[in-house]
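Residue strings, one per chain:
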Amino acid sequence: MGTLWQDVQYGFRMLMKRPGFTLVALLALALGIGANTAIFSVVNAVLLRPLPFDEPERLVMVWGSAPQLGFDLLPATAAEAVNWREQNQVFEQVAAFRSWAWNMTGSTGPEQVWGARVSASLFPALGVKPLLGRTFLPEEDRVGGAKVIVMGHGLWQRSFGSDPSIIGKAVTLNNQSYTVVGVMPPGFKFPGGENMLSGLQFSPKTELWEPMAFTDEELANRGTHNLAVIARLRPGATIAHARSEMTSIAAHLAEQYPKYSKGIGVKLVPLHEQVVGDVRPALLILLGTVGFVLLIACANVANLLLARAASRQKEIAIRTALGASRLRVIRQLLTESVLLALVGGAAGMLLALWGIDALGALIPENIPRANEIGVDAGMLGFTLIISLLTGLVFGLAPALQASRTDINESLKEGGRGASTGLRRNRFRSLLVVSEIALALVLLIGAGLLIRSFMRLQQVSPGFEPASVVAMEIVLPAIAPSNYAKPEQQAAFFQQALERMQTLPGVQAAAVVSSLPLSGAFESTDIIIEGRPNPPSGQEPQANYTMISADYFRVMSIPLMKGRTVSERDTKDAPAVVVVSETLAGRYWPNEEAIGKRLTMGFEKTPREVVGVVGDVRQNSLDVETPLAVYLPYQQFPYAGMTLVVRTASDPQTMASVARREVQTIDQSLPVSNVRSMEEVVSNSVSQRRFSMTLLGLFATVALLLAAVGIYGVMAYSVAERVHEIGIRIALGAQGRDILRLIVGQGMILTLAGVALGLAGAFLLTRLMSSLIYGVSATDPLTFAGVSLSLSAVALLACYIPARRATRVDPMEALRYE
């Protein structure tokens, strides 16, 4: 231990002796280690950290599945949820839930609170106990049961001042009184969210839970798929066993209810996999990217150490002559490398802390568990381990090479010849080739994402988002509310629209049930009149949206044929529908769609097609346009609608005016989720923008490190060959000859690295196929453009030391040694 401490002290003195070398090495290591630590903090929080439930590996999501209809994951009906719970033998608990919103009124005014209606078995299934009070009793999960709620920790703190006596108190939700029976712990953020069924999220907006209490009508309805189902495996049960049993149950239900269940299977997804979703590939690619950056940084530092070792040959020879063994020399040099890496790791940790804050501003809201990203013991341990490994990786080869010193040659005066050229530095050249190759792979990956993002930005969403603001209004639709009846809901929104349309600056106003690009949608079977009925379970599906008269005008959705929804399309008027261009083209390709009739799956009477409008992207810009139908909201009232306003003034100013107008009609109604449609479009591509930005940033860092690496090798080569260059010039070599010699040697390394990098990129970019849109993973333009750009940067890095070499004074060079 004493000897080790001496090595550490000596190593520290040697680092301080060369501050320039130390600073450059620390900067490279801090960049590599800091980037790895910052991205690891994201990967750890999202992918590696166990879910905050009891034995989370036993939790699975249970979905319907109808791939032939385009539904790989299909929400369950209330009847299916009950059938699955009663007929299985493999699950300990089965619970259903559905996202929900309440209007909470109190001393601070109305507030919309998001959460879920859940089975009483949900909390036992998750294995989470409340901080205060209790969760739901089985008798409360029945029609006519007590009106009780469990609230989230954030809502309890924000609206009730962390009142410990909240249990048993009444809270007004949707103009009804509910009793608080429990408060969940601060880490509990599941289930709920505004659009839970399109992707489960641990959303901080999830703050309230109410018993589901299925009605007889809901249990009899096997056509409305709107529930998520979670289950806990029994001890010892495997997911394979559960899949087999649930497949048998689905087959039995298909025989028992062929009209509704034929062709619908069951799919089980581990809860962690469900939560992580499609974020996993992007995060793993980013983790691999920063790993490449760290390797490039290690290659740079290894090159620096090799250059430094050459200047220490005499010192090492003296230590060897005095009796130091080769192992002892290697240990000393490795101690210096590890010490350098640990200091670089400390600097990288500080850089990572700043990076995590920066990531907080970049990470999109739909990244699951993003709020859990931060500094913890795992992150500190990762930084320590990666620093130690980095020190060994970049220090071992230089230490082995430096320890092979020829004592006799090294102790001679001028023993280190001036002709130690590029051929005797093959390892350093190999490091440069590796840096170029790794940088090229990252740059091509970034180039593909940039081109993909540009293609995505060119995709038309089907509407014009500029100058449009959207805000949500959810009416309490359960008796004895003033909005329990459909006609009351229609009357409220009609009054709100009339008030909005009189405001100065408002060009048009409308309401819609599902905002485009929000990811929210509702779908149903459609039956085309005059066509043979398809086999049971293979009925065509279409998204349906309720709209008011001016909706297409507000959103600038083009009318292709016929007319749009009008004020005359009331409850007592003939039932009509407007269809999308794709739907009309599919079912009436060589006919006039206007005047045709179709029946919605939840209605018995057909609707007449009165208009055809342009296609609109509902889920995201990179998902194909779905078949869509639009219903007049007065014929099909809906309690939760989004108010959209096209304005000539500032959209945010209009939002505050709209909120005031709504609350003039009913001061108990909150207006929530206010955003411009430009924000909605931007948020729909936020994950792709996040991946592109980070990969582009890390690729740029890799490019700079690679350029510094090749510059360092060429500059050191020139310094070693001053004597040789002086002789060449003295014998008549021109400046262009010296320039061609040095640049040529550097470009040979560059071209070797480019060739190796192209091969690696051809293989590795295929892993990015899920992240790119409209561009091939082997896009020739990207491969060629990036290769030429990298070669140009390398050429500049070679030219600077080569230019310096042409200015060597032969007289000075001949006295160099």
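Bear in mind that the values here come from a model prediction, so they are computed numbers and not experimental data.

Rules behind the numbers
- Residues numbered from 1 in each chain as written.
- Predicted model: local features only at pLDDT ≥ 70, side-chain atom pairs only at ≥ 80, totals over all residues.
- Heavy atoms only, no water.
- Helix = DSSP H or I, 4+ residues; strand = E, 2+ residues; numbered from the N terminus.
- Buried < 20%, exposed > 50% of the residue type's maximum accessible area, 1.4 Å probe, protein only.
- Contact = heavy atoms within 4.5 Å.
- Areas by Shrake-Rupley, 256 points an atom, 1.4 Å probe, with all protein chains shown as cover.
- Axes fitted to C-alpha atoms, helices over the stretch in contact; angles between N-to-C directions.
- Parallel < 35°, antiparallel > 145°, perpendicular 65-115°, else oblique.
- Left-handed = near helix turned anticlockwise from the far one by under 90°.
- Salt bridge = Lys/Arg side-chain N within 4 Å of Asp/Glu carboxyl O.
- Arc of directions from axis to C-beta.
- Phe/Tyr/Trp six-rings, centres within 6.5 Å; stacked < 30°, edge-to-face > 60°.
- Patch = residues over 30% accessible without salt bridge, like charges linked within 9 Å, V, L, I, M, F, W, Y side chains within 5 Å.
- pLDDT = per-residue confidence, 0-100.
- Core = buried A, V, L, I, M, F, W, Y, C linked by side-chain atoms within 4.5 Å.
- Pairing = 2+ DSSP bridges.

Engineer: Hey, could you run me through the overall build of the protein in this one?
Structural biologist: Summing up its helical and strand segments, the protein has 25 helices and 22 strands in all. Scored against the burial criterion, the 817 residues of the protein give a buried share of 53%. Summarising the internal contacts of the protein: among those between residues at least 6 apart in sequence, 82% fall at separations of at least 24. Accessible surface, the protein: about 35,600 Å² in total, of which carbon and sulfur atoms supply 58%.

Engineer: I would appreciate a short explanation of the packing of helix 3 (residues 78-87) against helix 7 (residues 239-256) in the present structure.
Structural biologist: Each pair of packed helices can be summarised by the angle the axes make with each other and by the distance between the axes. At a closest axis distance of 11 Å, the pairing of helix 3 and helix 7 adopts a crossing angle of 125°. By the criterion of interaxial angle, the relationship of helix 3 to helix 7 is oblique. In this structure, helix 3 crosses over helix 7, and the sense of that crossing is right-handed. Of helix 7, the residues touching helix 3 (which contributes Asn83, Trp84 and Gln87) are Glu245, Met246, Ile249, His252 and Leu253.

Engineer: Can you help me understand the pattern of salt bridges in this one?
Structural biologist: Two side chains bearing opposite charge may form a pair once their charged atoms approach each other closely. Under the definition given, this model contains 20 salt bridges. A salt bridge links Glu92 to Arg58; the nearest nitrogen and oxygen atoms lie 3.2 Å apart. Taken together, the residues Glu92 in strand 3 (residues 91-105) and Arg58 in the loop between helix 2 (19-48) and strand 1 (59-66) connect sequence positions 34 residues apart. The class for Arg58 is buried, based on a relative accessible area of 12%. Of the charged contacts in the structure, one is a salt bridge between Arg158 and Glu111, with a shortest N-O distance of 2.7 Å. On the criterion of sequence distance, the pair formed by Arg158 in helix 5 (residues 153-160) and Glu111 in strand 4 (residues 111-118) is long-range, its members being 47 residues apart. Through salt bridges that share partners, Glu55, Arg58 and Glu92 make up one connected network.

Engineer: Help me understand helix 20 (residues 677-684) in this model?
Structural biologist: Each full turn of the α-helix corresponds to 3.6 residues, which orients residues three or four apart in the same direction. All buried positions along helix 20 are accounted for by Met677, Val680 and Val681. When helix 20 is viewed along its axis, its buried side chains cluster within an angular range of 95° and face the same direction.

Engineer: Just to check I follow, could you spell out the packing of aromatic side chains for this structure?
Structural biologist: Centre-to-centre distance and the angle between the planes together describe a pair of aromatic rings. Applying the stated criterion to the full structure yields 13 aromatic pairs. Relative to Phe602, the ring of Tyr544 has its centre 4.8 Å away and its plane inclined at 55°; by these criteria the two rings are tilted. A residue pair is termed long-range when its members are at least 10 positions apart, and Tyr544 in strand 15 (residues 541-547) and Phe602 in the loop between strand 18 (597-600) and strand 19 (607-613) qualify at 58 residues. Taken together, the ring pairs in this structure connect Phe53, Phe123, Phe136, Phe188 and Trp209 into an aromatic cluster.

Engineer: Explain a nonpolar patch on the surface here, please?
Structural biologist: A grouping of Leu350, Leu353, Val375 and Leu380 is seen on the molecular surface, where their side chains present a nonpolar patch of about 360 Å² in accessible area. On the basis of relative accessible area, Leu353 is assigned to the partly exposed category, the value being 31%.

Engineer: Before we go on, may I ask you to explain the confidence of the model for the protein in this structure?
Structural biologist: Detailed conclusions should not be drawn from predicted coordinates in areas where pLDDT is low. Per-residue confidence for the protein averages 83 on the pLDDT scale, and 89% of its residues sit at or above 70. In the predicted structure, residues 193-202 sits below a pLDDT of 50 and forms 43 contacts with residues beyond four places in sequence or in another chain.

Engineer: Would you take a moment to explain the nonpolar core for this structure?
Structural biologist: Generally speaking, a soluble globular protein has its nonpolar side chains buried in company with each other. Judged by nonpolar contacts, the single largest core of 129 residues is most densely connected at Leu283, Phe394, Tyr551, Met555, Tyr630 and Val644. In this structure, Val644 is in contact with Val468, Val469, Ala470, Ala508, Ala509, Ala510, Val512, Leu515, Tyr551, Val554 and Met555, ignoring residues within four places of it in sequence.

Engineer: Any chance you could explain unusual backbone geometry here in plain terms?
Structural biologist: Glycine aside, a negative phi is what most residues show, and trans is what most peptide bonds show. Despite not being glycine, Ala213 shows a phi value in the positive range, around 50°. Mapping Ala213 onto the fold places it in the loop between strand 9 (206-211) and helix 6 (216-220). Assessed through its relative accessible area of 15%, Ala213 is described here as buried. Unusually for a residue other than glycine, Ser467 sits at a positive phi of about 70°. Counting through the fold element by element, Ser467 comes out in the loop between helix 15 (426-457) and strand 12 (468-474).

Engineer: Explain the pairing of strand 13 (residues 506-512) to me, please; I cannot follow it from the model alone.
Structural biologist: For a regular strand, the rule is simple: side chains alternate between the two faces of the sheet. When you tally the buried positions in strand 13, you get 6 out of 7 residues, the bulk of the element. Note: strand 13 against strand 21 (residues 640-647), 6 bridges, orientation antiparallel. By the bridge assignment for strand 21, Val512 is matched with Thr642.

Engineer: So what exactly am I meant to see when it comes to the packing of helix 21 (residues 686-720) against helix 24 (residues 780-805) here?
Structural biologist: The interhelical angle for the contact between helix 21 and helix 24, taken along N-to-C directions, is 25°, at an axis separation of 9 Å. Taken as axis vectors, helix 21 and helix 24 run roughly parallel relative to one another. Our pair here, helix 21 against helix 24, has a crossing hand that is right-handed. Only Leu790, Val793, Ala794, Ala797, Cys798, Ile800, Pro801, Arg804 and Ala805 of helix 24 make contact with helix 21, whose side of the interface consists of Leu703, Ala707, Ile710, Tyr711, Met714, Ala715 and Val718.

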